[in-house]
Each structure stands twice: as structure tokens, then as C-alpha cells.
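# A look at the structure
Residue strings, one per chain:
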Amino acid sequence: MPFAPLQNDSFLRACLRQPTEHTPVWLMRQAGRYLPEYRATREKAGSFMGLATNVDYATEVTLQPLERYPLDAAILFSDILTVPDAMGLGLSFQQGEGPKFATRVRDEAAVAALQVPDLDKLRYVFDAVTSIRRALNGRVPLIGFSGSPWTLACYMVEGGGSDDYRQVKSLMYARPDLMHRILDVNAQAVAAYLNAQIEAGAQAVMLFDSWGGVLADGAFQRFSLEYSRRVLAQVKTEHQGQTIPRILFTKGGGLWLDEIATAGADVVGLDWTMNLGQARARVGDRVALQGNLDPNVLFAPPAAVRAEARAVLDSFGRPQRADGGWGGHVFNLGHGISQFTPPEAVAELVDEVHQHSRRLRVAV
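The text that follows walks through the structure, step by step, so that each part is easy to find. Just so you know, these numbers come straight off a predicted model, no measurement behind them.

### Points about the pairing of strand β5 (residues 204-209)
Most of β5 sits inside the fold, with 6 of its 6 residues counted as buried. Residues Ala204, Met206 and Phe208 of β5 are buried on one face, and the alternating residues Val205, Leu207 and Asp209, pointing to the opposite face, are buried as well. In terms of strand pairing, strand β4 (residues 142-147) meets β5 through 5 bridges, oriented parallel. Bridge pairing in β5 places Gly144 opposite Val205. Relative to strand β8 (residues 246-250), β5 runs parallel, the two being bridged by 5 bridges.

### Quick notes on the packing of helix α4 (residues 55-68) against helix α7 (residues 123-136)
Remark: α4 packs on α7, axes separated minimally by 9 Å, with the N-to-C direction vectors making an angle of 45 degrees. Taken as axis vectors, α4 and α7 run oblique relative to one another. Considering how the two elements wind past one another, α4 and α7 form a crossing that is right-handed. Within the contact between the two elements, α4 uses Val55, Ala58, Thr59, Thr62, Leu63 and Leu66 and α7 uses Tyr124, Asp127, Ala128, Ser131, Ile132, Ala135 and Leu136.

### So, the pattern of salt bridges
Evaluated as defined, the whole model comprises 20 salt bridges. Measuring nitrogen to oxygen at the nearest pair gives 3.0 Å for the salt bridge that ties Glu67 to Arg139. Of this pair, Glu67 sits in helix α4 while Arg139 sits in the loop between α7 and β4; the two residues are 72 residues apart in sequence, bridging distant segments of the chain. One salt bridge connects Arg175 with Asp177, and the closest N-O pair in it is separated by 2.7 Å. Judged by relative accessible area, which is 42%, Asp177 ranks as partly exposed. When salt bridges with common partners are traced through the structure, they connect Arg306, Arg310, Glu348, Asp351, Glu352 and Arg359 into a single cluster.

Conventions we followed
- Residues numbered from 1 in each chain as written.
- Predicted model: local features only at pLDDT ≥ 70, side-chain atom pairs only at ≥ 80, totals over all residues.
- Heavy atoms only, no water.
- Buried < 20%, exposed > 50% of the residue type's maximum accessible area, 1.4 Å probe, protein only.
- Helix = DSSP H or I, 4+ residues; strand = E, 2+ residues; numbered from the N terminus.
- Pairing = 2+ DSSP bridges.
- Axes fitted to C-alpha atoms, helices over the stretch in contact; angles between N-to-C directions.
- Parallel < 35°, antiparallel > 145°, perpendicular 65-115°, else oblique.
- Left-handed = near helix turned anticlockwise from the far one by under 90°.
- Contact = heavy atoms within 4.5 Å.
- Salt bridge = Lys/Arg side-chain N within 4 Å of Asp/Glu carboxyl O.

Have a look at this one:
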């Protein structure tokens, strides 16, 4: 079944450094706990995984923020840990504790047992992608995503979140051969997973290297960036005649911006510690940039939210260069939106991004 024609393609054009009438904006975790309608749907679902694995619920919550705000993209409602869950590690979410794996990958036997999962175990994700794409009816593009090989490996070894990354770093330094084996399996799985999302209807894909920034220089290149690069080299760049932009976001990765920009992504996501103008000068518009408002700005009064949004846009600068070229900017937060964010603050933010970015395009 063909999908409806796209009505607002500003996000896709910005990803490819093409002219846009305004700077497109979407927010990491835009479908989530800060919205009362999300909390109501999650209560009906009974659990986070009950929500994520139900096609109708996943479709409903993905579209909820678009009903409130004129966002320029939707992102699939899912979790970055679906791939290791499909490997049989037993993912669960405890109230107030975050994700946990029943099986931890810490020794030779556990590493040897790892395999690229049967993608049919992730059918619920692909069915949700198709359902969401149809429900959007061409309103805005749909972004698919996955955790990066390194970030997935962190959760797989630690068994959940971590404050000190002791288990995963101990394994990495003591048995780099085992770590490389985990990362190789993860890279194959993530590439296949993203390609299946594209085939199901995703119009762009994002790789979340949420834990890349915890690594030392040198280790980041060997254990994180190299495997993100492998994924991006395998992910489709085109599907059914349409270009598929690829986004790479490494939280805490500013030190390695120049290297990240050569990893094969069309867009590099930045956290809030980076200066957008300096980042743009460093990458030379070889890639588009995404970001990078501090999420905590959204707890400030409306005038401050708007001022900070303008500051981000002004830092990037006018998208059109003097030589006629175009620098792409996708406005986003520097990390996911907090569950405590007032929904009204998001309305102020989105409105200001659209208004001020239009003014920048006509400024002399």
C-alpha cells in the first residue's frame, strides 16, 4: 500500500542541507511522560513494554505531540534496547529504576552465545512503523532509530544503566577481543534493524550513541565510532526513489566532532555543551547539524525559553552561505526532554523556532 505524499518535508531537506523556509524542529523523547495524554495511554497499556509492543498504542503516542505542536518530524515510539531484548537477554522496566536485563553479557560463554537476532522477533516495531506512517498521512516525515553498537553493549554488559560504567569498561580493557565480538554482532544487528525500519516506512533513521562520551580518547574511536561507522556504511541511503537521511548523535562527543562528521551520517547531533557556530565552522557544512538547546531551559519562563531558542538559532547563523551553498540545521534539544517539562514550554519553543528562523532567512 503506497503512503500519502509528504506535505512538510522541511526536516528531510534540512538533513540534506537543502533550502528550507524555516528551521525544522523536533525533540528527542517528544512522545513521552511530560504529556498527560501519554501517561493516560501508558496506564491503559499497563507497562512500558506493553505500550511499545502494541502497534495501536505505539501509533497513538507517536502522534500525540503532533496534535499539540506543529513539529516538523515524528519519531517512532520504541526503545533503544529492543535489539538486545530480541537476542534473548530478557528486557524489563522496573518502576523508577529504568531498564534491566535478566541476562548479562560478561564472560566468554555469554559472548560466544550472542547472535544477530531473527528480525521477526522485532516485527512489532516494523508493524508500528508502517502503522504510524499511514496515520501521519503525509503530515511530516517519520524517523526510525536504534541505539549504537557501543551504547547497546554498555547496557548488555552492565545489565542496565550505570553511574561508573565499571563492568563494561573492565571488560573492554581486560578482554578487548570479547568487546569487539559483542560490538561486531551489535553492528550487524543494528544495520539490519534500521534497514527493516526503512523498508517498513521510516523516512530517516537516527543512531543514538548515548554512552559514547564516557570513553577515553582512543577508546572512543576503537569501540564506539568504528562500529557506528560500520552501521552507517550498511544502512540504506535510498528507498523507493527517496533519499534516506542518517543521523548520528553522540552525547558528550564534542571532542571528536571532526571525526564523527566523517563517520558516514548526513546529520551530526550535538549536545548542549557545544557551540553551534563553532561546530558549523569545524565541519564546514559537510554534514547538517542537529541540536542543541539545554533541555532544562524548558523550565524557565516563556520569555527565557524564547530567548534561548533564538540564541541557538543565532549561533548556527543564517543557513544560506555567501557562496550560495546551504548549511542544514535541525533544531532539537541537546538530549531528551525531561518528564517534568511543562507542556506549555514546548509550545513556546516550537513557535519561536519557526518565527525566528523565518526572520533569519530574510535578514539582510
